[in-house]
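# Observations on chain architecture
Here is how the chains run, residue by residue.
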Amino acid sequence: MSAVKSAEMRKTMEWEDNVRRVVPYVAGEQPKGENIIKLNTNECPYPPAPGVARLAAELDCSALRLYPDSGAAPLAEALAAYYGVKKEQVFVGVGSDDVLALAFLTFFNSGRPILFPDVTYSFYDVWAELYRIPYRTCGLDENWHIRPGDYRQPNGGVIFPNPNAPTGLLEGTETVEEIVRANREVIVIVDEAYIDFGGVSAIPLLKKYENLMIVQTFSKSRALAGLRVGFAIGNEKLIRYLNDVKFSFNSYTMNLPAQILGAEAVQDDAYFKEVRDKIVATRERAKKTLSELGFTFPDSSANFIFASHKTVPAREIFEKLRERDIYVRYWDKPRIGNSLRISVGTDAQMDALTAALGEILEGK
Ligand code: PMP
C-alpha cells in the first residue's frame, strides 16, 4: 500500500468515528445566589418531611463502610406498603430518570418504533437516540390532549407522562386504559411524575394489565429532588426483567442515606398531603392571576402552569424575568416556543412573579 493511501485510510478511521455521539438532554438551570426565585424545574418549594432532617442528623456513618442493599429494600418495602402492592412489584432508582433510562433499555427492543406524544418530556427522544431505539411521535390535539387512536398503530412500546409535561394536562384513567388495552404486546410506561398534584394514578390497572408499568418520583410532591429517588411499579415478572438489566449495569446505584431518608418521606403521609394541598391551592390561585394578566394555559393538574401571553412573546417575558432573578422554563421549539413553563412556588414567590409580570407587561 502506498504511503499516501495508508495515510488516507488512517484519516478515515479516526477514534472519533467509534464514539456513541448523542445530543444530551438539557436540564433546567440551577442558578446559585440569594433572593433567586426558582420556578424552572418543578421542584417543591417546601422542605421534605421533618423526619428526613431528623434521620439525616442521626445517620450512623459507620454503616457507610458497607455496600447498601442493592435492591433498596427499606425504600421498596415502604413504597409497597404505601401503594398496597408486593415489594417484588417495586423497582427503585436514582431519580425516575434512572428508572426510565433502564426501562428503555429493558423493554424497547423490538426494532419497531416506540410511540410518545410530540409535545412531552424532552428526555424520551434523548434515550431513544442514545440506545438507537426507533421512535415516532404522535401529535397532541389542538387542546394539547393525547389522541388515544394514534396509539393503535404497530409499535415497539409506548410512553407518556400523565399529567403530561410541559402542558400539565391530565388524561382520564379511561384514556390510559384504552392505550394500555390496545397495546398488550408491548410495554406501556405511564410516567406519573406529577400525578400527586391532582390526578388519579393508574396503579389499580396493574391488576388487569401485565404490560403496564407506572413510574413516579420523589423529586416533586415529596420535596426530595436532591436525594434522587424514583420508582416503578409493575407486575413481578416485569420488575424482575428491569432488575436483571440494572444488576447487569450497576448493582449499587442507590446509596444508603437515600434508602433510609426516602423511606421516612413515604411514611409521613400527613406531611405529604399538607404540602401537596398547599401547592395545589397556590396553583389554583396562580391560574386566576395569570388569566387576569392576559395569559392562557391548559388547565394544569401538575405543579406547573404552561402559559402563553396573548400579545407578548414568551421569550421576551422569559428574558425579562431572568433579569429580575426569576427563573421559569422556556424552550425554543416548534409548537411550544411561545409558552413558558412556570413551576408553582410558595404564595410569596408567586406574588413576586405576578408583580414582575405586571411590570413587564405594563402598557403592552
Ligand atoms: N418525568 C417527567 C415527566 C419529568 O418532568 C421529570 C423531571 N425532569 C422526570 C421524569 C424525572 O425526574 P427525576 O429524575 O427527578 O425523578
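Residues numbered from 1 in each chain as written. Predicted model: local features only at pLDDT ≥ 70, side-chain atom pairs only at ≥ 80, totals over all residues. Heavy atoms only, no water.

### Examining the site of the ligand
Near the ligand, the surroundings consist of Gly 95, Ser 96, Asp 97, Leu 100, Tyr 121, Asp 191, Ala 193, Tyr 194, Thr 217, Ser 219, Lys 220 and Arg 228. Interatomic distance of 3.0 Å between a backbone N/O atom of Asp 97 and an oxygen atom of the ligand. Between an oxygen atom of the ligand and a side-chain N or O atom of Tyr 194, the distance comes to 2.6 Å. Burial of the ligand by the protein amounts to 91% of the accessible area it has alone, namely 400 Å². Placement of the ligand is best described as lying within the largest pocket. Here the residues of the shell around the ligand are counted per class, giving four nonpolar, four polar and four charged. (Near = heavy atom within 4 Å. Polar contact = N/O pair within 3.5 Å; in protein donor to acceptor, adjacent residues only side chain to side chain. Areas by Shrake-Rupley, 256 points an atom, 1.4 Å probe, with all protein chains shown as cover. 1 Å grid on protein atoms, 1.4 Å probe; cavity = no way out; pocket = protein on both sides within 12 Å on 5 of 7 lines; lining within 4 Å. Sits in = over half its atoms within 2 Å of the grid points. Nonpolar A, V, L, I, M, F, W, Y, C, P; charged D, E, K, R; others polar.)

### A few points about the domain arrangement of the chain
Taken domain by domain, the chain consists of domain 1 (37–47 + 270–362) and domain 2 (59–267). Here the C-alpha centroids of domain 1 and domain 2 sit 26 Å apart. Both sides of the domain 1 and domain 2 interface together cover about 2000 Å² of buried area, and 62% of this is carbon and sulfur. In terms of surface lost to domain 2, no three residues of domain 1 exceed Phe 272, Ser 301 and Arg 335, which account for 34% of the buried area on that side. Our count for the domain 1 to domain 2 interface comes out at one salt bridge. A salt bridge links Asp 118 to Arg 335; its shortest N-O distance comes to 2.9 Å. Where domain 1 touches domain 2, the interface holds seven residue pairs in polar contact (both at pLDDT 80 or more). Broken down by secondary-structure element, the contributors of at least two residues to the side of domain 1 that touches domain 2 are helix H9 (269–292) and strand E10 (304–309). No other element matches the six residues that H9 contributes to the side of domain 1 that touches domain 2. (Domains from an automatic or database assignment. Buried area = accessible area lost by both parts, 1.4 Å probe. Salt bridge = Lys/Arg side-chain N within 4 Å of Asp/Glu carboxyl O. Helix = DSSP H or I, 4+ residues; strand = E, 2+ residues; numbered from the N terminus.)

### Considering empty space enclosed by the protein
Inspection of every chain in the model, using the stated rule, returns one cavity of 30 Å³ or more. Of the voids in this model, the largest cavity is the one considered here, and its volume is about 70 Å³. If you trace the largest cavity, you find it lined by Pro 47, Pro 48, Ala 49, Ser 221, Arg 222, Ala 223, Ala 265, Asp 268, Tyr 271, Phe 272 and Val 275. The greatest single-element share of the lining of the largest cavity, amounting to three residues, is contributed by H9. Classifying every residue of the lining of the largest cavity by side-chain character gives eight nonpolar, one polar and two charged. Looking at the lining of the largest cavity, you find at least three residues from each of domain 1 (37–47 + 270–362) and domain 2 (59–267). (Points joined across faces, edges and corners; volume = space filled by probe spheres on them.)

### Focus: the layout of surface pockets
When its volume is computed, the largest pocket comes out at roughly 750 Å³. Around the largest pocket, the lining comprises 37 residues; the ones closest to its centre are Tyr 25, Tyr 121, Tyr 194, Arg 329 and Arg 341. Contributions of two or more residues to the lining of the largest pocket are made by helix H4 (95–107), strand E3 (114–117) and helix H5 (124–131). The greatest single-element share of the lining of the largest pocket, amounting to three residues, is contributed by H4. In terms of residue class, the lining of the largest pocket is made up of 17 nonpolar, ten polar and ten charged. Counting the residues that make up the lining of the largest pocket, at least three belong to each of domain 1 (37–47 + 270–362) and domain 2 (59–267).

### Focus: the environment of Pro 313
On the secondary structure map, Pro 313 appears in the loop between E10 and helix H10 (314–323). Distance in space between the C-alpha atoms of Pro 313 and Asn 338 is 5.9 Å, their sequence separation being 25 residues.

### Re helix H7 (residues 236–247)
Taking 1.5 Å of rise per residue, the twelve residues of H7 would be expected to cover 16 Å, and the 16 Å separating its terminal C-alpha atoms lies within 8% of that figure. Among the residues making up H7, those that are buried are Leu 238, Ile 239, Leu 242, Asn 243 and Lys 246. Here the buried residues of H7 occupy an arc of 140° about the axis, which is enough to place them on one side. Of the surrounding secondary structure, the elements contacted by the buried residues of H7 are strand E2 (90–93), H4, strand E7 (212–217) and strand E8 (230–234). (Expected span 1.5 Å × (residues − 1). Buried < 20%, exposed > 50% of the residue type's maximum accessible area, 1.4 Å probe, protein only. Arc of directions from axis to C-beta. Contact = heavy atoms within 4.5 Å.)

### What about the sheet that holds strand E13 (residues 340–343)?
Strand pairing in a sheet takes place through backbone hydrogen bonds and is either antiparallel or parallel in direction. Taken in spatial order, the four strands line up as E9-E10-E13-E12 in an open sheet, and their pairing is antiparallel. Taken across any chain shown, the strands that pair with only one partner, and hence form the sheet edges, are strand E9 (295–296) and strand E12 (329–330). Note that E12 and E13 share two bridges and pair antiparallel. Within E13, the position partnered with Tyr 330 by the bridge is Leu 340. Together, E9, E10 and E13 form the strand contacts of H9, whose direction differs from that of E10 by roughly 5°. (Pairing = 2+ DSSP bridges. Axes fitted to C-alpha atoms, helices over the stretch in contact; angles between N-to-C directions.)

### Digging into the pairing of E10
With six of its six residues buried, E10 lies for the most part within the structure. As defined by bridge partners, E9 adjoins E10 across two bridges and the pair is classed as antiparallel. When the sheet's bridge partners are listed, Phe 295 is paired in E10 with His 309. Sheet topology note: the E10/E13 ladder contains four bridges and is antiparallel. Each residue of the ladder has a partner; that of Ile 305, found in E13, is Ile 342.

### Overview of the pattern of salt bridges
When their charged atoms lie close together, side chains carrying opposite charge are able to pair. A full pass over the atoms with the stated rule returns 20 salt bridges. Lys 86 is the partner of Glu 236 in a salt bridge, and the nearest nitrogen-oxygen pair spans 2.6 Å. With Glu 236 in helix H7 and Lys 86 in the loop between helix H3 (73–83) and E2, the pair connects residues that are 150 residues apart, well separated along the chain. Of the charged contacts, one joins Glu 319 and Arg 315 as a salt bridge, the two residues approaching to 3.7 Å between their closest N and O atoms. Of the two residues, Glu 319 and Arg 315 both sit in helix H10, four residues apart, roughly one turn of that helix.

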